[in-house]
Amino acid sequence: MDGLGGRLTRLARVTAELVQARDVDTVTRIVVDHSADAVGATIAALTLADEPGHLHVAGLSGLSAEDAQALLATPFDLPTPAADAIRSRERIMLLGRDAILQAYPDVPYIDRGERALVCLPLRVPGGAIGAISLSFPGKRLFDDAELDFFEILADTCAQALVRLRAEDRAARHQAKLEFLAQASAELSASLDYEATLTKVAQLAVPSFADWSGVDLVQDGRLHRLAVAHVDPAKVQLARELAERYPTDPDAPAGPWHVMRTGRSELIQVSDEMLV
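The structure displayed is predicted, hence computed values, not measured ones.

### Things to note about the overall build of the protein chain
What the protein chain contains, in helices and strands, is ten helices and seven strands. A globule of 275 residues ought to have a C-alpha radius of gyration of about 19 Å, yet the protein chain, at 25 Å, is considerably larger. Each of the three principal axes of the protein chain carries a C-alpha extent, and together these read 80 × 40 × 35 Å. The buried share of the protein chain, reckoned over its 275 residues, is 37%. In the protein chain, of all internal contacts separated by at least 6 residues, the share reaching a separation of at least 24 is 50%. Accessible surface, the protein chain: about 16,200 Å² in total, of which carbon and sulfur atoms supply 54%. Each charge class in the protein chain was averaged separately, 27 positive and 40 negative side chains, and the resulting centres sit 3 Å apart.

So, in structure tokens, the structure goes:
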């Protein structure tokens, strides 16, 4: 089916799939595979903004494994079409090899011969949460109907992602309430505090954490009373590490500091910290 009618039919199918998508992986697959086919693109990518200043390529199609790796390794502080579309919230359209190279001379994977490149921001109130990148072979011009087609695709994708994120937040909030209810019931069910706290540690895994531990001060030392882990074989290892490498009571962060100050801490664990 060719022409505007055919394009609109394919668009309707893609948007219907996006409306019904139940997870981000499904949205990604629809965008990079089905939508690319619907609009006639030979290369497609979905870039998502996890947080301000941090982007990642969620999915792509039409590239060799080597070229895909080069794209994934490109730092996003380097100006790229997708990053610029997200930052500006404006569609980026480059028609022809010369236009692409002039706009992005430093992007290593950008020269793929004569083609047209379109990047569509996924707009939401207050910004953009990602971008759809589409590459078309040869010299290509787009009429108004096709540009409308692209905008509808991007808007539908953005709405699907916003819906999924809202559903995820609601599910996590519900899980927290259920955890608090279960933990409260456990804490009031027994006078055996060791058994009770062990059960509470187990409730936190795997809903909120890969592992959970409860430490108590006994005889002036921090004693690991309870441990739970998604891998049961690592429970004993966690106990041994706590005994072998006791935390410094004067450390500016960690369990001792939390007990001294009465304030919770969130510590981002980097690869360097693990080493």
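### A closer look at the pairing of strand 5 (residues 127-137)
Among the eleven residues in strand 5, ten count as buried, and that is most of the element. In sequence, strand 4 (residues 115-124) turns back onto strand 5 through a hairpin of two residues, with glycine 126 there showing a positive phi of about 95 degrees.

### Notes on the environment of alanine 253
Here alanine 253 shows up in the loop between helix 8 (235-244) and helix 9 (255-261). Ignoring sequence-local partners within four residues, the contact set of alanine 253 consists of Glu265 and Ile267.

### Things to note about the environment of arginine 244
Locating arginine 244 in the fold gives a position in helix 8. The spacing of arginine 244 and valine 124 is 120 residues in sequence and 50 Å in space, taken between C-alpha atoms.

### Let's talk about helix 6 (residues 144-189)
Between its first and last C-alpha, helix 6 extends 67 Å over 46 residues, near the 68 Å set by a 1.5 Å rise per residue. Of the residues flanking the start of helix 6, the one acting as N-cap is aspartate 143, its side-chain oxygen 3.2 Å from the backbone nitrogen of alanine 145.

### Let's talk about the nonpolar core
With 35 residues, the main nonpolar core has Leu122 and Phe150 as its most contacted residues. Taken together, the elements giving at least two residues each to this core come down to helix 1 (3-20), helix 2 (24-39), strand 1 (43-51), strand 4, strand 5 and helix 6. Dropping the residues within four chain positions of it, phenylalanine 150 is found in contact with Val39, Val118, Leu120, Leu134, Phe136 and Phe142. Ranked by size, the runner-up nonpolar core spans 16 residues in total, among them Ala49, Ala82, Ile86 and Leu94.

### A short note on the packing of helix 6 against helix 7 (residues 193-203)
The contact between helix 6 and helix 7 brings their axes to 9 Å, and the two run at 170 degrees. With respect to their mutual orientation, helix 6 and helix 7 come out roughly antiparallel. Contacts between helix 6 and helix 7 pair Phe179, Gln182, Ala183, Glu186 and Leu187 from the former with Thr196, Leu197, Lys199, Val200 and Leu203 from the latter.

### Focus on the state of the cysteines
Under the criterion given, the structure shown has zero disulfides. A disulfide-free cysteine, cysteine 119 has its sulfur positioned 13 Å from the sulfur of cysteine 157, the nearest such atom. For cysteine 157, a relative accessible area of 0% puts it in the buried group.

### Some words on the packing of helix 2 against helix 6
Where helix 2 contacts helix 6, the two axes come as close as 11 Å, and the packing angle between them is 170 degrees. The angle between the axes of helix 2 and helix 6 places the two elements in the roughly antiparallel class. Here Val24, Val27, Val31, Ser35, Ala38 and Val39 of helix 2 lie close against helix 6, whose contacting residues are Phe149, Phe150, Leu153, Cys157, Ala160, Leu161 and Leu164. Residue classes in the contact of helix 2 with helix 6 are distributed as twelve nonpolar, one polar and no charged.

### What to know about a nonpolar patch on the surface
There is a patch of nonpolar side chains on the surface, built from Ile267, Val269, Met273 and Leu274 and spanning about 410 Å² of accessible area. Relative to the assigned elements, leucine 274 resides in helix 10 (residues 271-274). By relative accessible area, leucine 274 is classed as exposed at 62%.

### Some remarks on the packing of aromatic side chains
Centre-to-centre distance and the angle between the planes together describe a pair of aromatic rings. According to the stated counting rule, one finds four aromatic pairs in the structure shown. For the pair phenylalanine 136 and phenylalanine 142, a centre-to-centre distance of 5.1 Å together with 70 degrees between the ring planes defines the contact as edge-to-face. An aromatic cluster is defined as three or more aromatic residues linked by ring pairs; in this entry it consists of Phe136, Phe142, Phe149 and Phe150.

### Re the side chain of arginine 224
Position of arginine 224 among the secondary structure elements: in strand 7 (residues 221-229). Polar contacts involving the side chain of arginine 224 include one to the side chain of aspartate 215, which spans 2.9 Å. Ignoring any residue separated from it by four or fewer positions in sequence, one finds arginine 224 in contact with Trp211, Val214, Asp215, Ala238, Arg239 and Ala242.

### Some words on the pattern of salt bridges
Scanning the entire structure with this criterion turns up nine salt bridges. Taking the shortest distance from any N to any O, the salt bridge between aspartate 215 and arginine 224 comes out at 2.9 Å.

Basis of the calculations
Here the residue numbering is sequential within each chain, running from 1 through the sequence in written order. With pLDDT at 70 or above as the cut-off, local features in this predicted model cover only qualifying residues; side-chain atom pairs require 80 or more to be listed or tallied, and sums for whole chains, interfaces and linings still use all residues. Only heavy atoms go into the side-chain values, all of them from the structure, while hydrogens and water stay out. By definition, any uninterrupted DSSP run of H or I lasting at least four residues is a helix, any uninterrupted run of E lasting at least two residues is a strand, and each is numbered from the N terminus. Our radius of gyration is a C-alpha quantity, and the globule rule it is checked against amounts to 2.2 Å times the number of residues to the power 0.38. Relative accessibility decides the category of a residue: with a 1.4 Å probe and only protein chains considered, values under 20% of the type maximum give buried, values over 50% give exposed, and everything between is partly exposed. Residues are treated as being in contact if the distance between any of their heavy atoms lies within 4.5 Å. Note on areas: Shrake-Rupley, 1.4 Å probe, and residue coverage restricted to the protein chains presented here. Note on charges: Lys and Arg go in the positive column, Asp and Glu in the negative column, and His and the chain ends are not counted at all. We put the charge of a Lys on NZ, of an Arg on CZ, of an Asp on CG and of a Glu on CD. Two strands are said to pair when DSSP picks up at least two bridges between them. The span one expects for a helix is its residue count, reduced by one, times 1.5 Å. We define a polar contact as two N or O atoms separated by no more than 3.5 Å, with the added condition that, inside protein, one atom must be a possible hydrogen donor and the other a possible acceptor, whereas residues neighbouring each other in sequence contribute only through side-chain atom pairs. Throughout, nonpolar core names a set of buried Ala, Val, Leu, Ile, Met, Phe, Trp, Tyr and Cys residues whose side chains join them through atoms within 4.5 Å. Here an angle of 0 to 180 degrees is reported between the N-to-C directions of two axes, which are lines fitted to C-alpha atoms, with helices fitted over the stretch in contact. In this scheme, roughly parallel covers angles under 35 degrees and roughly antiparallel covers those over 145, while 65 to 115 is roughly perpendicular and the rest are oblique. Criterion for a disulfide: a pair of cysteine sulfur atoms at a distance within 2.5 Å. In the scheme used here, Gly and all other residues not listed as nonpolar or charged are polar, with Ala, Val, Leu, Ile, Met, Phe, Trp, Tyr, Cys and Pro taken as nonpolar and Asp, Glu, Lys and Arg as charged. Any residue with relative accessible area above 30% and no salt bridge may belong to a patch, with like charges joined within 9 Å and the nonpolar Val, Leu, Ile, Met, Phe, Trp and Tyr side chains within 5 Å. In what follows, salt bridge is the name for a side-chain nitrogen of Lys or Arg lying within 4 Å of a carboxyl oxygen of Asp or Glu. Any pair of Phe, Tyr and Trp rings, taking the six-membered ring for Trp, is counted once the centres come within 6.5 Å. Such a pair is stacked with planes under 30 degrees apart, edge-to-face with planes over 60 apart, and tilted for the rest.

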